[in-house]
Amino acid sequence: MKIALVTGVTGQDGAYISELLLSKGYKVVGTARRTSTSSYWRLKYLDLLEDKNFILEEMDLTDLSSISSLLKKYKPDEFYNLAAQSFVASSFISPLSTSQITGMGVNNILESIRITKPDTKFYQASTSEMFGKAQEIPQRETTPFYPRSPYGVSKLYAHWLTVNYRESYDMFASSGILFNHESPLRGLEFVTRKITSSIVKLKKNLISDFQLGNLEAKRDWGYAKDFVEGIYKILQNDEPDTFVLATGKTFSVRDFLNLCFDAAELEVIWEGKGINEKVFLKSSGKEVVSINKKYFRPAEVDLLIGDPSKAKSKLNWEASCSLEELCQIMIEAEFDFYENKKNIFIL
Ligand code: NAP
Ligand code: G4F
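Criteria and cut-off values
- Residues numbered from 1 in each chain as written.
- Chains lettered and ligands numbered in written order.
- Predicted model: local features only at pLDDT ≥ 70, side-chain atom pairs only at ≥ 80, totals over all residues.
- Heavy atoms only, no water.
- Phe/Tyr/Trp six-rings, centres within 6.5 Å; stacked < 30°, edge-to-face > 60°.
- Helix = DSSP H or I, 4+ residues; strand = E, 2+ residues; numbered from the N terminus.
- Buried < 20%, exposed > 50% of the residue type's maximum accessible area, 1.4 Å probe, protein only.
- Lys NZ or Arg CZ within 6 Å of the ring centre and 35° of its normal.
- Near = heavy atom within 4 Å.
- Polar contact = N/O pair within 3.5 Å; in protein donor to acceptor, adjacent residues only side chain to side chain.
- Areas by Shrake-Rupley, 256 points an atom, 1.4 Å probe, with all protein chains shown as cover.
- Nonpolar A, V, L, I, M, F, W, Y, C, P; charged D, E, K, R; others polar.
- Core = buried A, V, L, I, M, F, W, Y, C linked by side-chain atoms within 4.5 Å.
- Contact = heavy atoms within 4.5 Å.
- Pairing = 2+ DSSP bridges.
- Axes fitted to C-alpha atoms, helices over the stretch in contact; angles between N-to-C directions.
- Left-handed = near helix turned anticlockwise from the far one by under 90°.
- Expected span 1.5 Å × (residues − 1).
- Bend = angle between axes of the 7 residues up to and from the residue.

**Q** Sorry, what's going on with the packing of aromatic side chains here?
**A** Both the distance between ring centres and the angle between the ring planes are used here to describe each pair of aromatic rings. Following the criterion strictly, the structure yields 11 aromatic pairs and no others. Each ring, one from Tyr 80 and one from Tyr 123, has its centre 6.3 Å from the other, and the planes form 40 degrees; the classification is tilted. Of the two residues, Tyr 80 sits in strand E4 (residues 78-81) while Tyr 123 sits in strand E5 (residues 121-127), which places them 43 residues apart along the sequence. Its relative accessible area of 0% is what places Tyr 80 among the buried residues. Feature note: the residues Phe 131, Phe 145, Trp 160 and Phe 179 constitute an aromatic cluster, connected by ring pairs. In this arrangement the basic side chain of Arg 114 is found over the ring face of Tyr 169, its NZ or CZ atom lying 5.0 Å from the centre.

Rendered as structure tokens:
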């Protein structure tokens, strides 16, 4: 039985890839750091904690010994590093801890693997945020990087380190440059989940309105379940390499908001411009969305659109879910969370 170690297992991608690996017959060692309140809601939602082939272990990316001891204990065939301080906005507030976790943390892993079990296949969760102020449209594996946040800079360090360990030590160290991917299991702080959660709360009269930041930013948004299939395929490739995973389409935050209002069957009217822009419900005339400067970032990534053709030709991977379908899935799941109370932690 193959053993996969998955860091960041309490996060969106960690939970979904664990589900995928278990379905393929792996033993999965999922690692989580100690937190004062439980962060296992996604694991409970996917029923992973009950699976006999799923083991939960404690590990912190900033602590080399916690990584080494798990490598010695389980000798994994594959290592998926999905842990990070992954919220761009927080990286401006806590740039040092972001670089220690998201950047240096990867050095801890690669050094542990090199010393302890160098034939472990390693996956690094790189990001389209490394393209930042995009130097080319669409962005592909060869596009020059220009990160625009402490998060993007930290991820770029980790990405080059992964390439460097591959080239220096002949290690199977691969990097997936993933564009935004979303799902009902997305954290509530990210704009897509903030929008789907708020719209359903509006419909249920639990809130009267909500606020957003920059609506002009454009992202290449896909479905997380498609993307973890791509992550898996990256480690099954014959050679370690770097791959872009993206849909190849881009939409603004405003587009995403409109699609979600459609999915929730709410008709809206837009008025005003820039910071004074507002959204009203057509039925009641009530103001439901306004803009708040506090959600703007010191430096923005204006336009991301990926070219996934290398992943298509070498991995036979492509995104299958349109943005309309994704909005539908997320809005429906949001209603389901309320109506079936499957998970009270996210409410
Ligand atoms: P996520 O939901 O924010 O999950 C991040 C995970 O990292 C959580 O399990 C978190 O644990 C864990 N973590 C944070 N600090 C840690 C530390 N010091 N030690 C150990 N674990 C720590 O992120 P995601 O959306 O699943 O993304 C997975 C990975 O892909 C991340 O590295 C992210 O940066 C990258 N990525 C994501 C996207 C995307 O669109 N989703 C795109 C490109 C790249 P807690 O539960 O304790 O906080
Ligand atoms: O949802 P976001 O916070 O995601 P962002 O910054 O694109 O980062 C995500 O995708 C990256 C891949 O490109 C990952 F590496 C990263 O870990 C994370 O998963 O923001 C998306 C856009 C931004 O332009 C932001 O300024 O939405 C804009 N936005 C507008 N109003 C908002 C809001 N973002 C948030 N979080 N909250 C708002 O109210």
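After that view, the rundown keeps rolling.
**Q** What's the story with the site of ligand 2 in this structure? I'm lost.
**A** Lining the immediate surroundings of ligand 2 are 23 residues, of which Thr 127, Ser 128, Tyr 151, Arg 297 and Glu 300 lie closest. Within the side chain of Tyr 151, a nitrogen or oxygen atom sits 2.7 Å from an oxygen atom of ligand 2. Between an oxygen atom of ligand 2 and a side-chain N or O atom of Arg 297, the distance comes to 2.5 Å. The protein chains hide 95% of the 720 Å² of surface that ligand 2 would expose on its own. Tallied by class, residues from the shell around ligand 2 come to 10 nonpolar, six polar and seven charged.

**Q** Before we go on, may I ask you to explain the nonpolar core in this structure?
**A** Nonpolar side chains in soluble globular proteins generally cluster together in the buried interior. Core analysis: the largest hydrophobic core is formed by 37 residues, its most contacted members being Val 6, Ile 17, Leu 21, Tyr 80, Leu 82, Tyr 123 and Ile 231. Looking at this core, the elements that each hand over two or more residues are strand E1 (3-7), helix H1 (12-23), helix H2 (41-45), E5, helix H8 (224-236), strand E11 (242-245) and helix H10 (309-315). Take this core: its biggest share by element is seven residues, from H8. Setting aside residues no more than four positions away along its own chain, Tyr 123 makes contact with Phe 79, Tyr 80, Asn 81, Leu 82, Ser 174, Ser 175, Gly 176, Leu 178, Ile 231, Ile 234 and Leu 235. In this structure, Ala 217, Val 288, Cys 327 and Tyr 338 belong to the second largest nonpolar core, which totals 32 residues.

**Q** Hey, could you run me through the sheet that holds E5 in this one?
**A** Strands in a sheet are paired, the pairing made by backbone hydrogen bonds, and the direction either parallel or antiparallel. Taken together, the seven strands give an open sheet; going across it, the order is E3-E2-E1-E4-E5-E6-E11, and neighbouring strands pair in parallel fashion. In this open sheet, the two strands that pair with only one neighbour each are strand E3 (54-58) and E11. Neighbour-to-neighbour, the strand axes of the sheet open up by a mean angle of 20 degrees, direction not taken into account. As judged from the four bridges shared by E4 and E5, these two strands associate in the parallel manner. Note that in E5 the partner of Asn 81 across the bridge is Gln 124. Relative to E4, H8 is tilted by about 140 degrees, and along the sheet it contacts E4, E5, strand E6 (173-178) and E11.

**Q** When you look at the packing of helix H3 (residues 64-74) against helix H5 (residues 95-116) in this model, what are you seeing that I'm missing?
**A** For any two helices packed against each other, one specifies the inter-axial angle together with the distance between the axes. Closest axis-to-axis distance for the H3/H5 pair is 9 Å, and the angle between their directions is 35 degrees. In this structure, the crossing between H3 and H5 has a hand that is right-handed. Between H3 and H5, the residues in contact are Leu 64, Ile 67, Ser 68, Leu 71 and Lys 72 and Gly 105, Asn 108, Ile 109, Ser 112, Ile 113 and Thr 116, respectively.

**Q** Even after reading the chapter, I still don't get the side chain of Asn 107, so can you show me in this structure?
**A** Position of Asn 107 relative to the elements: it lies in helix H5. At 2.8 Å, the side chain of Asn 107 forms a polar contact with the side chain of Tyr 157. With residues up to four places along the chain from it excluded, the contact list for Asn 107 reads Tyr 157, Leu 161 and Tyr 165.

**Q** Quick question: what am I supposed to make of H5 here?
**A** Think of an α-helix as turning once every 3.6 residues; residues three or four places apart then point the same way. Taking 1.5 Å of rise per residue, the 22 residues of H5 would be expected to cover 32 Å, and the 30 Å separating its terminal C-alpha atoms lies within 8% of that figure. When the local axis directions of H5 are compared, the greatest deviation, roughly 40 degrees, occurs at Met 104. Thr 98, Ile 101, Thr 102, Gly 103, Gly 105, Val 106, Asn 107, Asn 108, Ile 109, Leu 110, Ser 112 and Ile 113 are the residues of H5 that are buried. Tucked into the core, H5 has its buried residues touching H3, E4, helix H4 (88-93), E5, helix H6 (150-169) and E6.

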